[in-house]
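# Notes for the structure review
Each chain, written out:
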Amino acid sequence: MDAISTSALLIFLLVLILISAYFSGSETAMMTLNRYRLRHLAGNGHKGAKRALKMLDRPDRLIGLILIGNNLVNILASSIATIIGMRVLTQYNIDEAASIAITTGVLTVIILIFAEVTPKTYAALHPERIAFPSSLLLKWLLLLLLPLVKGLNIITSGFLRLLGIKSVQTNDALSQEELRTVVHEAGALIPQRHQEMLLSILDLEKVTVEDIMIARSDIYAINVNDDFKLINKQVTQSPHTRVLVYRDNIDDVVGFIHLRDALRLQSKEQFSKSSLLRAVKEIYFIPEGTPLNVQLANFQQNKERIGIVVDEYGDIQGLVTLEDILEEIVGDFTTSMITTPSEDINVQQDGSFLIDATINIRDLNKEMKWDFPTDGPKTLNGLIIEYLEDIPVANTSLRLADYHIEVIEVADNMIKSVRIMPNSLPSTNDTEDD
Ligand SMILES: Nc1ncnc2c1ncn2[C@@H]1O[C@H](COP(=O)(O)OP(=O)(O)OP(=O)(O)O)[C@@H](O)[C@H]1O
Ligand SMILES: [Mg+2]
């Protein structure tokens, strides 16, 4: 070693520290790259991103390579520093042991500051700036050192197996819940309205057609066996474009009549029972329990926009339209912006709410931002009866899911209306938001 001058060794040491800094920085940069952004950039043809993505495909190799490189230079640096230290310090009559101790201390501080903390912090703050160019060098190094890296990985995984740890395939596909968090955390990057829509789309699979259907009793339908004058009037006054046609019993459905067809027949004065039956369109049936995301796709595939929900016995449960599903996605658009509650909910002078108990619980929760359980009965009436296990009499008071409810009117074995007190509402705002 005496052949090499001390100043040459110092320069070499400096270079080693720089290389060490490069490895430390690249490691942090590669590992903190945002995988989703990376995939997006790579998809757009960004060269550095593509390269980084490919390297991250095999994180074991990448880490192996970086650690081999980093440790190699660090250990070499320490040997060289020791030689320099001994040469320099012995000139001042410092003995060998003390020289080694001093060089170790000094080198540790230098490596920590210049080859670890600084490059890693910088890389963590600007991962792409470091990772994209550095992945080029890493790629070539990997080609060169692949046998070494592979050997190292075989030995390490052998050791891990000895310790009873199986190598796990990392899977960084997002789960539903993670995707939700991503959308939430996107914060200002995605406008609030869009965030809500994205979350609603994710929710579609949790909601089934029964949850949003127009109940059987609320379907606007005509009985072909009724007096034809009445049918004529019902068609003319129909609030809906498609009217269900049945024979005597709604379970004996014939089809949908489109108002356009009915009005055309009426204008030609050809409107009769037989021409009506001929103009009727076949019904598209939807099995109970179909999740909304599935139904949305089915509507599209079958080029339908209205369907009848049937249970396993073929009995009609309700009606669902494409518009109803789309409203689930853009829901808050039409509900929460409304400042006056819908007709089923009436604000009383004392601030309590008089509510039609046949209201759909999901609609009620949405409109009032309440939190009644939606996994059981669909209507408020059903929920209260299930809770009490009995049909209550008027003036019964109860506490259900933290809401103070007073039964106002009961008729035909059904709760018709209830009053809900606002002062008993759970104070979600004070507890959660801050
Ligand atoms: N025959 C019907 N009986 C009861 N509710 C219906 C009926 N047809 C549609 N609806 C409901 O009316 C709302 C609007 O649906 P949709 O837009 O499909 O019907 P529309 O407004 O009558 O027709 P269009 O928009 O094609 O003119 C939805 O909530 C849907 O469930
Ligand atoms: Mg419409």
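All of these numbers come straight from a predicted model, not from anything done at the bench.

Let us look at the overall build of the protein chain. Helix and strand counts for the protein chain stand at 18 helices and 12 strands. Among the 434 residues that make up the protein chain, the fraction classed as buried is 22%. Long-range pairs, those at least 24 residues apart, make up 56% of the contacts in the protein chain with a sequence separation of at least 6.

Moving on, we get to the site of ligand 1. Not every one of the 15 residues close to ligand 1 is listed here, only the nearest: Tyr220, His240, Thr241, Thr321 and Glu323. Ranked by residues supplied to the shell around ligand 1, first place goes to strand 3 (residues 242-247) with 3 residues.

This paragraph deals with the packing of helix 1 (residues 6-32) against helix 4 (residues 59-91). Packing of helix 1 against helix 4 leaves a shortest axis separation of 9 Å and a crossing angle of 155 degrees. For the element pair helix 1 / helix 4, the angle class is roughly antiparallel. When the axes of helix 1 and helix 4 are compared, the crossing they make is left-handed.

Quick look at the sheet that holds strand 5 (residues 285-287) now. Judged by pairing direction, the sheet is mixed, and its 4 strands sit side by side in the order 1-7-6-5 without closing on themselves. Looking at the sheet topology across the chains shown, the edges are occupied by strand 1 (214-215) and strand 5. Judged from the 5 bridges that link them, strand 6 (residues 306-310) and strand 7 (residues 316-321) form a sheet pairing that is antiparallel. Following the sheet pairing, isoleucine 306 is matched in strand 7 by threonine 321.

Once that is clear, we can look at the confidence of the model for the protein chain. Chain-level statistics for the protein chain give a pLDDT mean of 87 and a share of 93% at 70 or above. Considering only residues more than four positions removed or in separate chains, one finds that residues 425-434, a stretch of pLDDT under 50, has 3 contacts. Quick note on the complex model: pTM equals 0.57, ipTM equals 0.95.

A separate point is helix 7 (residues 176-185). For helix 7, the buried fraction is low: 0 of the 10 residues fall into the buried class. Trailing helix 7 by a residue or two, glycine 187 shows a phi angle of about 50 degrees, which is positive.

Counting 29 residues, the largest nonpolar core has Ile17, Ala29, Met30, Leu33, Ala52, Ala77 and Ala131 as its most contacted members. Listed by contribution, the elements that provide at least two residues to this core are helix 1, helix 2 (35-43), helix 3 (47-56), helix 4, helix 5 (96-125) and helix 6 (127-162). The biggest single contributor to this core is helix 1, with 8 residues. Among all residues touching alanine 29, those that are not within four sequence positions of it are Ala123, Pro127, Ile130, Ala131 and Ser134.

Strands sit in the order 8-9-12-11-10 across an open sheet of 5 strands; the sheet is antiparallel. On the outer flanks of this sheet lie strand 8 (345-347) and strand 10 (397-400), each paired with one strand and no other. The sheet shows a mean angle of 30 degrees between the axes of neighbouring strands, direction not considered. Alignment of strand 9 (residues 353-356) against strand 12 (residues 414-420), held across 4 bridges, turns out to be antiparallel. Among the inter-strand pairings, leucine 354 is bridged to a residue of strand 12, identified as arginine 419. Sitting on the sheet, helix 17 (residues 380-388) touches strand 9, strand 10, strand 11 (403-411) and strand 12, and the angle it makes with strand 12 is about 90 degrees.

So, about the environment of threonine 103. Looking at the element boundaries, threonine 103 is found in helix 5. Threonine 103 gets classed as buried once you count the C-beta atoms within 10 Å, which come to 20. Considering only alpha carbons, one finds threonine 103 and isoleucine 80, 23 residues apart in sequence, at a separation of 10.0 Å. Residues in contact with threonine 103, not counting those within four places in the same chain, are Ala81, Thr82 and Gly85.

About the thresholds
Residues numbered from 1 in each chain as written. Chains lettered and ligands numbered in written order. Predicted model: local features only at pLDDT ≥ 70, side-chain atom pairs only at ≥ 80, totals over all residues. Helix = DSSP H or I, 4+ residues; strand = E, 2+ residues; numbered from the N terminus. Buried ≥ 20, exposed ≤ 12 C-beta atoms within 10 Å, placed from the backbone. Contact = placed C-beta atoms within 7 Å. Near = placed C-beta within 6 Å. Axes fitted to C-alpha atoms, helices over the stretch in contact; angles between N-to-C directions. Parallel < 35°, antiparallel > 145°, perpendicular 65-115°, else oblique. Left-handed = near helix turned anticlockwise from the far one by under 90°. Pairing = 2+ DSSP bridges. pLDDT = per-residue confidence, 0-100. Core = buried A, V, L, I, M, F, W, Y, C linked by C-beta atoms within 7 Å.

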